[in-house]
Amino acid sequence: MQKFLTVFVCLLSMAFSLPATSLEGAGNPNVVHVVLFHGQSNVTGVGGRPLQTDTPRQPTKNFSWNVGPRIVQPIPGDNSTDVKDLSLLTSIEPLREYDVNGPGGGRWAETAASGMLGRLTTMGVTNDLFAMNCGRGGRLISELNQGTEYWDFCLEALSKLKTVYAGLGRSIVVTAMVWSQGSGDRDLPEQDYYDLFVELVQDFQTDFKAVTGQFEPIRTLVLQDGSDGGGLFPDNPLPYGEAGEVNAQFQASIDYPDLIRIVAQQYPYEHAVDFLHLSGASQLWIGETMALAYYDWIWLGVDWQPLRPTHFEIAPNNTALFVYYTGNDGPTQFDLINVADSYVPTFSPRGFKLFAQCDPNSPLPLLLNAVNEPAQNRVRLSSAANLNNIENLCVSYGWNNGTTNPSLPGPVTGRRGNLRDNAGPMALYDATGLYGLPPEELPTLNRRQLDKWMVRFKLPVTWTDTPNP
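Residues numbered from 1 in each chain as written. Predicted model: local features only at pLDDT ≥ 70, side-chain atom pairs only at ≥ 80, totals over all residues. Heavy atoms only, no water.

Peer 1: Got a sec to walk through the overall build of the chain? Specific residues and values, please.
Peer 2: Along the chain, the regular secondary structure elements total six helices and 18 strands. Burial status across the chain gives 57% buried among its 469 residues. Carbon and sulfur atoms make up 54% of the accessible area of the chain, which amounts to about 18,400 Å² in all. (Helix = DSSP H or I, 4+ residues; strand = E, 2+ residues; numbered from the N terminus. Buried < 20%, exposed > 50% of the residue type's maximum accessible area, 1.4 Å probe, protein only. Areas by Shrake-Rupley, 256 points an atom, 1.4 Å probe, with all protein chains shown as cover.)

Peer 1: Talk me through the nonpolar core; I want residue IDs and the actual numbers.
Peer 2: By size, the foremost hydrophobic cluster in this structure holds 66 residues, and its most contacted members are Leu36, Phe352, Leu381 and Phe457. The greatest single-element share of this core, amounting to nine residues, is contributed by helix H4 (residues 190-212). With residues up to four places along the chain from it excluded, the contact list for Leu381 reads Thr319, Ala320, Leu321, Val323, Phe352, Leu354, Leu368, Ala370, Val371 and Val395. Counting residues in hydrophobic clusters, the runner-up holds 38 residues, among them Met123, Tyr269, Trp297 and Ala427. (Core = buried A, V, L, I, M, F, W, Y, C linked by side-chain atoms within 4.5 Å. Contact = heavy atoms within 4.5 Å.)

Peer 1: Explain the sheet that holds strand S13 (residues 378-383) to me, and be specific about the residues and the numbers.
Peer 2: Pairing between the strands of a sheet is mediated by backbone hydrogen bonds and can be parallel or antiparallel. Within the open sheet, the four strands sit side by side as S7-S8-S13-S12. Their pairing is antiparallel. Of all the strands in the sheet, just strand S7 (308-314) and strand S12 (368-375) have a single pairing partner and so form its edges. Each neighbouring strand pair of the sheet contributes to a mean axis angle of 20 degrees, computed without reference to strand direction. Two strands pair when backbone bridges link them, and S7 and strand S8 (residues 320-326) are joined in this way by six bridges, in the antiparallel orientation. Bridge pairing in S8 links Arg308 to Thr326. (Pairing = 2+ DSSP bridges. Axes fitted to C-alpha atoms, helices over the stretch in contact; angles between N-to-C directions.)

Peer 1: Account for the state of the cysteines, naming residues and giving values.
Peer 2: All chains considered together, the criterion is met by one disulfide. Sulfur-sulfur distance for the disulfide between Cys358 and Cys394 comes to 2.0 Å. Taking the sign of the torsion about the S-S bond as the criterion, the disulfide between Cys358 and Cys394, at about 100 degrees, is right-handed. Separated by 36 residues along the polypeptide, Cys358 in the loop between strand S10 (352-355) and strand S11 (365-366) and Cys394 in strand S14 (residues 394-397) bring together distant segments of the chain. Classification of Cys358 by relative accessible area gives partly exposed; the value is 27%. For Cys394, a relative accessible area of 0% corresponds to the buried category. (Disulfide = S-S within 2.5 Å.)

Peer 1: Explain the packing of aromatic side chains to me, and be specific about the residues and the numbers.
Peer 2: Under the definition given, this model contains 14 aromatic pairs. Geometrically, the ring pair formed by Phe250 and Trp463 is tilted, given 5.7 Å between the ring centres and 40 degrees between the ring planes. Remark: Trp463 occurs in the segment after strand S18 (457-460) and Phe250 occurs in helix H5 (residues 244-255); sequence separation between them is 213 residues. Relative accessible area serves as the criterion here: at 1%, Phe250 is assigned to the buried category. Accessibility expressed as a relative area gives 10% for Trp463, which makes it buried. The interplanar angle of 40 degrees and the centroid separation of 6.1 Å between the aromatic rings of Phe312 and Trp463 together place this pair among those described as tilted. Within this pair, whereas Phe312 is found in strand S7, its partner Trp463 is found in the segment after S18, the two being separated by 151 residues in sequence. Given the relative accessible area of 8%, Phe312 is considered buried. In this structure an aromatic cluster arises from ring pairing among Phe250, Tyr267, Phe312, Phe352, Tyr397, Trp453, Phe457 and Trp463. Across from the ring centre of Trp297, 5.9 Å away, lies the NZ or CZ of Arg219, which sits over that ring. The cationic tip of Arg378 hangs over the ring face of Phe322; the distance from NZ or CZ to the ring centre is 5.8 Å. (Phe/Tyr/Trp six-rings, centres within 6.5 Å; stacked < 30°, edge-to-face > 60°. Lys NZ or Arg CZ within 6 Å of the ring centre and 35° of its normal.)

Rendered as structure tokens:
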């Protein structure tokens, strides 16, 4: 009887020590979970920029944890070069401390990759984590898909990483791909971008899983593009934000919910002095937001959702449109502090617009009289027009509304919206260069609450969130 009780207690102890996840290899110290960062330098290992300046900032603690984060940079040195040397991938290094004399100007610590993996190591993710950069800034999606130079190089790098870890008696599982791309494709038709993006995500399932031999799907976490018009593209301002890649990314997440989720947007965050790339602090905060989605959706296996629309409905009086939404973890609000809003002419549209049609060549904007939130699941857009008589009525959120004042918070090129929830945790990092400190040691002045912000969209009012792949 005593032996039976001893065995029972041991089994019970083991059960309680296992992670509450079905993720492949979870809790096994010999399995390393790999996160691929693909697309542009907003999230990859060399794109970090100090907040609003190129003056280096030093961390107060080394970027190291007992569990990760770990990173390989397949393109060594500054990201202005395309030199690739896989012979450098011979060992596994911790993510470097910020070093002004280091590779790439010492900016290795200020990326979404480090922010994401850094936060995950504080959330109960017990496996070692490894971040790998696959793409490079300024590339079109057609330059990053299957069969391209960057795709083949990333496959080769992953294969070599598998060999390196095998020599240590360990295996790897690719758990996620973080995607940040789209500014170069702002003129690509929406359907063309959608097809290329879905194809890329599906090809990840075949090519990269074949390298590791895993069963686990590779889920895609998307930083929704925010670079349509303005900024570095003054000759193509796209006044109504007709960048098809934004809608394509969102629609792909609706049609393939098991593989794709929109996680974060660029419009609530400070940008660097070029008005296009995110600041270093913003990248860290976006990385932490990615970590929250990864933990719920991938590690715990719960149905994490972004703050997003579900459907639209014209009010009985025909002069208002209700935008219904889901995904908020707490009360929603219009935030005019983190993201300044223009007033047209006497009230704030909060980032919303109505159009008589969705045709990008002649969208026919309608004047709004008021925007308010009658309940925690919908926004009311009021207009003087009889909306029921408009056959191709269209609604948008987060597009260019003409705000270009560099002194205003948020992106200065006009893509902005104000709807967010109010339930996110505080960031681990602040905006002054204090990296990796416990939350209780961080000053609150320059820290960010990691709330969900509404995804960007432009959709006909007949649209619903029913998947239609």
